[in-house]
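So you can see what is in the structure, the chains are spelled out below.
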Amino acid sequence: MRIGILGTGAMATALGGAWAAAGHDVLIGGRDRAAAARTAARTGAGGHGDLARAAAHGEVILAAVPAAVAPELAKEYAGLLAGRTVVDCTNPVIPTDDGLVLSTGGAGSVAGLIAQAAPGAHVVKGFNLCHESIWTLSPPVFEGVPLAVPLCADDPQALARVARLVTSIGCTAIPCGGLVRAAYLEATAAFAIGAWWSGAQPRAAFPSPAEAPRAA
Ligand SMILES: NC(=O)c1ccc[n+]([C@@H]2O[C@H](COP(=O)([O-])OP(=O)(O)OC[C@H]3O[C@@H](n4cnc5c(N)ncnc54)[C@H](OP(=O)(O)O)[C@@H]3O)[C@@H](O)[C@H]2O)c1
């Protein structure tokens, strides 16, 4: 699959590297073209260039930039993004004395803002729940279970396309409903990151009911 990545940092490197290793045609785009070239070299991506080049390259575009920036770029490149699948992995979290809070207030989502800014794009929220280091595992499997990647999207074809990207790197996609539910994934990330920072293991908070003994 052709994938354009907006950003040259940690998530661009980790996901771009995983997708390139899985055989996808990845192009890294940055506002700093030298940084884009360095990230492309680190990841094995086939190409690099500016942000417009990345927005024009992909069937899928990954927004791997700060949460406040993603809707701005979506607006700037709305024409290029029309008809394409845009993956939003951003987390709009702000550290405060009371822990992490959402810059959106939890009422809407960054994914929703991207969709508003680029009305022709098919936005998929996903890849935001794990630390970037997880995507460098090949494959990301824990206790024998492939990593699950929740996805929210309104467009079924865009969802299916991103689910294929998930499975191509050895993970399992979990469709979680429409884009209106992206705010839940952003809030879940705020919860998980807050728990990691406090030394807790948020994964331990979600056992399946199937693991509990049933009353006779
Ligand atoms: N790191 C993680 O573990 C992790 C996990 C899940 C989700 N996320 C989310 O993924 C997104 C990217 O995180 P990251 O860790 O990859 O960040 P990062 O390493 O700081 O990289 C951010 C990238 O965004 C670019 N950027 C910043 N402001 C920009 C602007 N105004 N216009 C164009 N490009 C701009 C930066 O370019 P310059 O170098 O030129 O500044 C850089 O390439 C964030 O929204 C974050 O919440 C991160």
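Worth saying up front: this structure is predicted, and the values here are computed from it rather than measured.

A. Inspection of the overall build of the protein chain at higher detail. Check the secondary structure of the protein chain and you find eight helices and 12 strands. The C-alpha radius of gyration computed for the protein chain amounts to 17 Å, which stays within 12% of the reference 17 Å derived for 216 residues, consistent with globular compactness. With the C-alpha coordinates aligned to their principal axes, the bounding extent of the protein chain is approximately 60 × 35 × 35 Å. For the protein chain, the residues scored as buried account for 44% of the 216 residues in total. Residue pairs at least 24 apart in sequence account for 68% of intrachain contacts in the protein chain once pairs closer than 6 positions are excluded. In the protein chain, which carries 14 positive and 15 negative side-chain charges, the distance between the mean positions of the two groups comes to 6 Å.

B. The environment of Cys176, seen in detail. By the element assignment, Cys176 lies in the loop between β12 (172-175) and α8 (182-197). In sequence terms Cys176 and Arg38 are 138 residues apart; their C-alpha atoms lie 35 Å from each other. With residues up to four places along the chain from it excluded, the contact list for Cys176 reads Pro150, Leu151, Cys152 and Arg181.

C. Geometry of the pairing of strand β7 (residues 99-102). Pairing between strand β6 (residues 93-96) and β7: four bridges, direction antiparallel. Note that in β7 the partner of Ile94 across the bridge is Val101. Hairpin connection of β6 to β7: two residues between the antiparallel strands.

D. Representation of the sheet that holds strand β1 (residues 2-6) in the model. Read across the sheet, eight strands follow the order β3-β2-β1-β4-β5-β8-β11-β12 without closing on themselves; strand pairing throughout is mixed. Both outer strands of the open sheet, β3 (47-49) and β12, are each paired with one neighbouring strand and no more. For this sheet, the mean inter-axis angle between neighbouring strands, taken without regard to orientation, is 25 degrees. Sheet contacts for helix α2 (residues 33-43): β2 (25-29) and β3; angle to β3, the most-contacted strand, approximately 165 degrees. Most of the contacts of α8 go to strand β11 (residues 148-153), to which it runs at about 145 degrees, and overall it touches β5 (85-88), β8 (122-125) and β11.

E. Examining the packing of aromatic side chains more closely. One pass over the full model with this rule turns up three aromatic pairs. Aromatic pair Trp19 and Phe127: ring centres 5.4 Å apart, planes at 90 degrees, arrangement edge-to-face. Placement of the pair is Trp19 in helix α1 (residues 10-21) and Phe127 in the loop between β8 and β9 (141-142), with a sequence separation of 108 residues. Residue Trp19 shares its accessibility class with Phe127, and that shared class is buried. Taken together, the aromatic side chains of Trp19, Phe127 and Trp135 make up a single cluster linked through ring pairs.

The rules behind these values
- Residues numbered from 1 in each chain as written.
- Predicted model: local features only at pLDDT ≥ 70, side-chain atom pairs only at ≥ 80, totals over all residues.
- Heavy atoms only, no water.
- Helix = DSSP H or I, 4+ residues; strand = E, 2+ residues; numbered from the N terminus.
- Rg over C-alpha atoms; globule rule 2.2 N^0.38 Å.
- Buried < 20%, exposed > 50% of the residue type's maximum accessible area, 1.4 Å probe, protein only.
- Contact = heavy atoms within 4.5 Å.
- Lys, Arg positive; Asp, Glu negative; His and termini not counted.
- Charge placed at Lys NZ, Arg CZ, Asp CG, Glu CD.
- Pairing = 2+ DSSP bridges.
- Axes fitted to C-alpha atoms, helices over the stretch in contact; angles between N-to-C directions.
- Phe/Tyr/Trp six-rings, centres within 6.5 Å; stacked < 30°, edge-to-face > 60°.

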